[in-house]
Amino acid sequence: MGSFHLLQFFILVMKLKLFLFISIIVSFGCQKVLNINIKNPNAKIVIDGVITDGAGPYFVTVSRATDINLSTPSSIKENIKIYIWDDFGQRDTLIKIKDGVYHTVGLKGIMGRTYYIEVHVDNKIYTASNKIPNKINFDQIELDSLSFNGINIYSIIPKFTDPLSTGNFYRFVQKINDTLDNTIYLLSDNTNNGLVNKTPLISINAAIRIKRNDSVRVEMQCINKEEFEYFSILSQQTNFGINANTAPSNPTSNFNGDVLGFFSCHSSEYKAMRVLK
């Protein structure tokens, strides 16, 4: 296809090479450390909560991560008190379903509302707030392909039209045959304000590739600027091999205090397709 696709493919190849290089370094560098049982007194609390405009329940996870290894947080076994409410009077006390995992009971996520969370753990109270932005219509997903040396390389283009108003931010989550692609996909209207999106989702995970007869499901999230900046910093680490499902030490949390993680409030819409080409 055109020079744009060749450039995309070149970038993909360079990312994969860098990913493999970093993986090799980590593998050799950590070989002896894995057998050491390190107890760090400076364990940090990691709180990750999500409220969407979709049907509940919504989940909050609470764990501990040490400065030595932030990539493997451990769940907290003691009971934790978690409350979530909105600016219209809804209030919910979350229920524990297993160690470190709690869910709402009757709370409903609604676009335009601000949600507040209060987490009681280790005799401390951590709070955060966030607002569900208005939803931008997710029209469809489109299959994009590039043939290279007789091999078809597929990617998905989420099609939507960005509004003329500025300050719109998006995150996409992709699953291939129910396997989560842990690449963090982010878009903003800094470069495509008011235009139809044509940017494909190109995974950095070499083990996850779209093939013929695969089923692909994409979630489009409309997020706010604070959340976009958080995941932008997180993606600089996770998109080069660090576990994408945990919160690192440097992105700024929207929780008060010395705590990691983020209270995410976003709209959510899904599109799915099967690759038949």
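Residues numbered from 1 in each chain as written. Predicted model: local features only at pLDDT ≥ 70, side-chain atom pairs only at ≥ 80, totals over all residues. Heavy atoms only, no water.

**Topic: the pattern of salt bridges**
Reasoning step 1: Enumeration according to the criterion identifies eight salt bridges in this entry.
Reasoning step 2: Across the pair D258 and K44 runs a salt bridge whose closest N-O atoms are separated by 3.2 Å. Placement of the pair is D258 in the loop between helix 2 (225-238) and strand 15 (259-274) and K44 in strand 1 (residues 44-52), with a sequence separation of 214 residues.
Reasoning step 3: Judged by relative accessible area, D258 falls into the exposed class, the value being 55%.
Reasoning step 4: We classify K44 as buried; its relative accessible area is 18%.
Reasoning step 5: With a closest N to O distance of 3.0 Å, D86 and R113 form a salt bridge. In this pair, D86 sits in strand 4 (residues 81-86) while R113 sits in the loop between strand 7 (101-103) and strand 8 (114-121), placing the two residues 27 residues apart along the sequence.
Reasoning step 6: Of the residues examined, D86 reaches a relative accessible area of 3% and is grouped as buried.
Reasoning step 7: A relative accessible area of 18% means that R113 is categorised as buried. (Salt bridge = Lys/Arg side-chain N within 4 Å of Asp/Glu carboxyl O. Helix = DSSP H or I, 4+ residues; strand = E, 2+ residues; numbered from the N terminus. Buried < 20%, exposed > 50% of the residue type's maximum accessible area, 1.4 Å probe, protein only.)

**Some words on the sheet that holds strand 4**
Reasoning step 1: With respect to topology, four strands assemble into an open sheet ordered 5-4-8-9, the strand pairing being antiparallel. Sheet topology places strand 5 (91-93) and strand 9 (124-131) at the edges, where each strand pairs with a single neighbour. Going from strand to strand, the sheet's axes swing by 15 degrees on average, the running direction of each strand aside.
Reasoning step 2: Pairing geometry for strand 8 and strand 9, over eight bridges, is antiparallel. Within strand 9, the residue paired with V119 across the bridge is Y126. (Pairing = 2+ DSSP bridges. Axes fitted to C-alpha atoms, helices over the stretch in contact; angles between N-to-C directions.)

**Focus: the packing of aromatic side chains**
Reasoning step 1: Scanning all chains against the criterion turns up seven aromatic pairs.
Reasoning step 2: Judged by centre distance (4.6 Å) and plane angle (50 degrees), the rings of F160 and Y170 are tilted. Of this pair, F160 sits in the loop between strand 11 (151-159) and strand 12 (169-176) while Y170 is found in strand 12, placing the two residues 10 residues apart along the sequence. Of the two residues, F160 and Y170, neither departs from the other in class, the shared state being buried.
Reasoning step 3: Here Y230 and F262 contribute two aromatic rings whose centre-to-centre distance is 4.8 Å and whose plane-to-plane angle is 35 degrees, an arrangement assigned as tilted. Placement of Y230 in helix 2 and of F262 in strand 15 is noted, with a sequence separation of 32 residues between them.
Reasoning step 4: Pairwise contacts between aromatic rings join F138, F160, Y170 and F172 into one cluster. (Phe/Tyr/Trp six-rings, centres within 6.5 Å; stacked < 30°, edge-to-face > 60°.)

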